[in-house]
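Structural characterization, general
Residues per chain, in single letters:
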Amino acid sequence: MTGVLRGAIGVFDSGVGGLSTLRAIHEAYPHEHLIYVADSGHAPYGDQPAGAIIERAQRITQFLLDQPCKAVVVACNTASVLALPTLRAMTTTPIIGMEPAIKPAAQATRSGVIGVLATQRTIGSESVQRLVAHYASHVKVVLQACPGLVEQVEAGHLDTPETVRLLRAYLSPLCDAGVDQVVLGCTHYYFLRETIARLVGPSVNVLEPAQAIARQLGARSHLLSGLREGDAQGGFSFFSSARNLDVAGDVMARLWGMDLTGQVRPLPV
Ligand code: DGL
């Protein structure tokens with residue numbers, strides 16, 4: 001394939017949600033080339049069997065390694081909690097994943113109650129159980145699966161009546177329990193943060209993990225084969241497995257905040 005950036009950092013998600021992570025990485029490392037893969041044709045991951053999610057994560061990781069990328073960021077909590085050990089076994093290239101920000105929420109709470117919004121797969125995962133046991137055993141944790149929200153973001157419906165209806169339904173058990181920290185445990189929900197903040201009110205802190213990922217990348221930068229130097233801004237390549245690339249490209253452009261006409265290529269895996 002021509003025109004793909006060599007030595008880039010590869011970033012992937014089940015769809016457009018990981019653009020929030022991509023932005024944080026770009027802000028932290030503006031000179032780096034970045035390749036983004038939106039697996040929108042297979043979203044949502046969170047309702048699928050673990051084996052199907054792991055297989056998609058393997059295929060996309062191999063695609064990114066083949067470019068070649070010098071690091072792969074799994075900008076998806078669901079794929080991270082299920083597939084990271086398998087992906088790391090494929091390569092010596094650094095594979096960086098994400099997990100819900102349960103630890104900082106448990107440290108910050110004053111009410112002693114924290115809430116976590118994530119996909120069904122993430123909420124039911126061993127990783128989340130382990131995070132709660134290690135870091136949040138002294139507080140009450142309300143875990144809330146949110147089916148339907150990823151689809152709303154994929155469609156670009158960030159503040160429609162249906163999105164607000166779903167959010168009210170998912171936030172009400174958290175508010176009733178007295179949370180003062182809400183963890184966004186899915187990268188798609190970043191794009192709903194303003195609506196979520198409005199619904200929970202100013203006394204509740206909303207935590208999202210994109211900045212933490214960029215810091216983690218920095219902490220592991222010694223493992224990368226050199227960060228790019230000089231003043232030149234890094235380039236971007238965008239891929240999507242969406243059936244309708246024009247529609248998907250429009251949503252990606254809106255969330256990324258830049259015209260991407262003709263720039264989103266079909267994902268060949
Ligand atoms: N952005 C993905 C995550 O962080 C969404 C997973 C899905 O497609 O259900 O979990």
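Structural notes, computed from the coordinates. Note that the structure is predicted; figures quoted are calculated from it, not measured.

Calculation rules
- Residues numbered from 1 in each chain as written.
- Predicted model: local features only at pLDDT ≥ 70, side-chain atom pairs only at ≥ 80, totals over all residues.
- Heavy atoms only, no water.
- Helix = DSSP H or I, 4+ residues; strand = E, 2+ residues; numbered from the N terminus.
- Near = heavy atom within 4 Å.
- Polar contact = N/O pair within 3.5 Å; in protein donor to acceptor, adjacent residues only side chain to side chain.
- Areas by Shrake-Rupley, 256 points an atom, 1.4 Å probe, with all protein chains shown as cover.
- Nonpolar A, V, L, I, M, F, W, Y, C, P; charged D, E, K, R; others polar.
- Core = buried A, V, L, I, M, F, W, Y, C linked by side-chain atoms within 4.5 Å.
- Buried < 20%, exposed > 50% of the residue type's maximum accessible area, 1.4 Å probe, protein only.
- Contact = heavy atoms within 4.5 Å.
- Pairing = 2+ DSSP bridges.
- Axes fitted to C-alpha atoms, helices over the stretch in contact; angles between N-to-C directions.

**Here we look at unusual backbone geometry**
Along the chain, A43 connects to P44 via a cis peptide bond; the corresponding omega equals -5°. By the secondary structure assignment, P44 is in the loop between β2 (34-38) and α2 (50-66). The step from Q67 to P68 runs through a cis peptide bond, and the omega angle for that step is 0°. If you trace the backbone, P68 turns up in the loop between α2 and β3 (69-74).

**Considering the site of the ligand**
Near the ligand, the surroundings consist of 13 residues, among which S14, Y45, G46, T78 and T187 are the closest. Y45 is positioned such that a nitrogen or oxygen atom in its backbone is 2.7 Å from an oxygen atom of the ligand. For the ligand, a nitrogen atom lies 2.8 Å from a polar atom in the side chain of H188. Considered on its own, the ligand offers 300 Å² of accessible surface; in the complex 99% of this is hidden by protein. For the shell around the ligand, a count of residues per class yields 5 nonpolar, 7 polar and 1 charged.

**Comments concerning the nonpolar core**
What tends to happen in soluble globular proteins is that the nonpolar side chains get buried as a cluster. Counting residues in hydrophobic clusters, the biggest one holds 49 residues, and the most contacted among them are L19, L117, Y189, F238 and M252. Once residues lying within four places of it in the same chain are set aside, the contact partners of L117 are Q144, C146, Y170, L171, L174, V182, V183, L184, G185, C186, Y189 and I196.

**Describing the sheet that holds strand β4 (residues 95-96)**
Strand order across the open sheet formed by 6 strands is β4-β3-β1-β2-β9-β10, with parallel pairing between neighbours. Each having just a single partner strand, β4 and β10 (264-266) make up the two edges of the open sheet. The pairing of strand β1 (residues 8-13) with β2 spans 5 bridges and is classified as parallel. Considered in β2, the bridge of D13 is made with A38. Across the sheet, α2 lies against β1, β2, β3, β4 and β9 (236-240), angled at about 160° from β1, the strand it touches most. The sheet strands contacting helix α11 (residues 245-256) are β2, β9 and β10, and the helix crosses β9 at an angle near 135°.

**Notes on the sheet that holds strand β5 (residues 113-118)**
The 4 strands lie next to each other as β6-β5-β7-β8, forming an open sheet whose pairing is parallel. Pairing within the sheet leaves two strands with one partner each, and these edge strands are β6 (140-145) and β8 (205-207). Direction aside, neighbouring strands of the sheet carry axes that sit 20° apart on average. In the sheet, β5 pairs with strand β7 (residues 181-184) via 4 bridges, with the strands oriented parallel. Among the inter-strand pairings, L117 is bridged to a residue of β7, identified as L184. Those strands touched by helix α9 (residues 193-200) are β5, β7 and β8, and its axis lies near 155° from that of β8.

None of this, on its own, says anything about what the molecule does.
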